[in-house]
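What follows is each chain in one-letter form.
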Amino acid sequence: MVSWQQKLQKKLGFPHRVLFLEREILEKAYEEIMKNGFPKSAINYIHEKAVETLASDPEVELIADGTRRDDRVPVLSISQIRSIEDRLGVQYICPLKGYGKKTVSILVERYLRIEEGPSESTQKADYEAELRELIRQRDGEEKIKELFPSHIQSHVLSRKKLP
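Values in this document were obtained by computation on a predicted structure and should not be read as measured data. Sequence order sets the numbering: in each chain, residues are counted from 1 along the sequence as written. Residues qualify for local features only when their pLDDT is at least 70, as the model is predicted, and side-chain atom pairs are given and counted only at 80 or more; totals for whole chains, interfaces and linings, by contrast, use all residues. Only heavy atoms go into the side-chain values, all of them from the structure, while hydrogens and water stay out.

Draft legend 1. Expanded view of the packing of helix α3 (residues 40-55) against helix α4 (residues 78-88). Between α3 and α4, the shortest axis-to-axis distance is 10 Å and the interhelical angle comes to 20°. On the basis of their axis angle, the class for α3 and α4 is roughly parallel. For the pair α3 and α4, the sense of crossing is right-handed. Residue-level inspection shows E48, V51, E52 and A55 of α3 in contact with α4, the latter providing Q80, I84, R87 and L88. In this classification, Asp, Glu, Lys and Arg are treated as charged, Ala, Val, Leu, Ile, Met, Phe, Trp, Tyr, Cys and Pro as nonpolar, and every other residue, Gly included, as polar. Looking at the contact of α3 with α4, its residues break down into 4 nonpolar, 1 polar and 3 charged. All axes here are fitted lines through C-alpha atoms, helices being fitted over the stretch that makes contact, and every angle between N-to-C directions spans 0 to 180 degrees. Secondary structure elements follow DSSP: runs of H or I no shorter than four residues count as helices, runs of E no shorter than two count as strands, and numbering proceeds from the N terminus. Throughout this description, any angle smaller than 35 degrees is read as roughly parallel, any larger than 145 degrees as roughly antiparallel, any in the 65 to 115 degree range as roughly perpendicular, and the remainder as oblique. A crossing counts as left-handed when the near helix is turned anticlockwise from the far one by less than a right angle, and as right-handed when that turn is clockwise. We call two residues in contact whenever any of their non-hydrogen atoms come within 4.5 Å of each other.

As structure tokens, then:
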């Protein structure tokens, strides 16, 4: 069965691969969010491990991260990025890092069709979804509402046809 992510990558013309991380990463992120009562460090931890896992693949030479200048999560520090590049021999770029939310929104409006909605109900392929599901299984829906601030997520549906 073809996933929505595979359908989207075909529309956009980008290669797609599902990255499977070790279960221990999710478990440690779970411990982190339960200890801190907030998802920032847990999601940043998963992000760092995902980038390291991808960078460990000998076929991967470049990793492009879609985080923006104003993003709070996930984000890697300069020292984390340098460590990954030095240890694993990859190039790491954040092409949107110099752009704020307003500028990215203008670019998205011009070039992409997106869907936006509350994070808890918007289809997405990010770390938060699995972390929410683990919390739901272990602690119930109310704990998710307690730990995750309400926020809007988006995902790309397609490129817009340009004139």
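Now that the structure is up, let's keep going.
Draft legend 2. The confidence of the model for the protein, seen in detail. Of the residues in the protein, 96% reach a pLDDT of 70 or more, and the chain-wide mean stands at 88. Residue-level confidence of the predictor is summarised by pLDDT, bounded by 0 at the bottom and 100 at the top. In the model of the protein, helix α1 (residues 4-12) stands out as the element of lowest mean pLDDT, 74, in contrast to helix α2 (residues 23-36), which has the highest, 97.

Draft legend 3. Quick peek at the packing of aromatic side chains. Any two rings among Phe, Tyr and Trp, with Trp reduced to its six-membered ring, count as a pair given centres within 6.5 Å; such a pair is stacked if its planes are under 30 degrees apart, edge-to-face if over 60, and tilted if neither. The full count for this structure, using the stated rule, is 0 aromatic pairs. Above the face of the F148 ring, R132 is positioned so that its terminal group lies 4.5 Å from the ring centre. When the ring centre of Y30 is taken as reference, the NZ or CZ atom of R138 above it lies at 4.8 Å. To sit over a ring, a charge needs its Lys NZ or Arg CZ within 6 Å of the ring centre and within 35 degrees of the ring normal.

Draft legend 4. Broad picture of the environment of L62. Looking at the element boundaries, L62 is found in strand β1 (residues 62-64). Any residue under 20% of the maximum accessible area for its type is buried, any over 50% is exposed, and the rest in between are partly exposed; the area is computed with a 1.4 Å probe on protein chains only. Residue L62 is classed as partly exposed on the basis of its relative accessible area, which comes to 44%. As for L62 and Y92, which are separated by 30 residues in sequence, their C-alpha atoms are 5.8 Å apart.

Draft legend 5. Main features of helix α6 (residues 127-139). The first and last C-alpha atoms of α6 sit 18 Å apart over 13 residues, in line with the 18 Å expected at 1.5 Å per residue. Buried residues of α6: E128, L131, R132, L134 and I135, and no others. Taken end-on, α6 shows its buried residues confined to a sector of 165°, consistent with a single buried face. Projecting away from the buried face of α6 at angles above 90 degrees are the exposed residues E130 and Q137. Those residues of α6 that are buried are in contact with α2, α3, α7 (141-147) and β4 (152-159). Within two residues after α6, G140 carries a phi angle of roughly 90°, on the positive side. Here the expected length of a helix is defined as 1.5 Å per residue gap, with one fewer gap than residues. What the arc measures is the spread of directions leading from the helix axis to the C-beta atoms.

Draft legend 6. Spatial organisation of the pattern of salt bridges. Any carboxyl oxygen of Asp or Glu within 4 Å of a side-chain nitrogen of Lys or Arg constitutes a salt bridge here. All told, the structure shown has 13 salt bridges when counted by the stated rule. E141 is paired through a salt bridge with R136; the nearest N and O atoms lie 2.7 Å apart. Shared partners join several salt bridges into a network, and the residues in it are R23, E27 and R138.

Draft legend 7. Spotlight on the packing of α2 against α3. Between α2 and α3, the shortest axis-to-axis distance is 8 Å and the interhelical angle comes to 160°. In terms of orientation, α2 and α3 fall into the roughly antiparallel class. By crossing handedness, the relation of α2 to α3 is classed as right-handed. Listed contacts from α3 to I25, L26, K28, A29, E32, I33 and N36 of α2 are S41, A42, Y45, I46 and K49.

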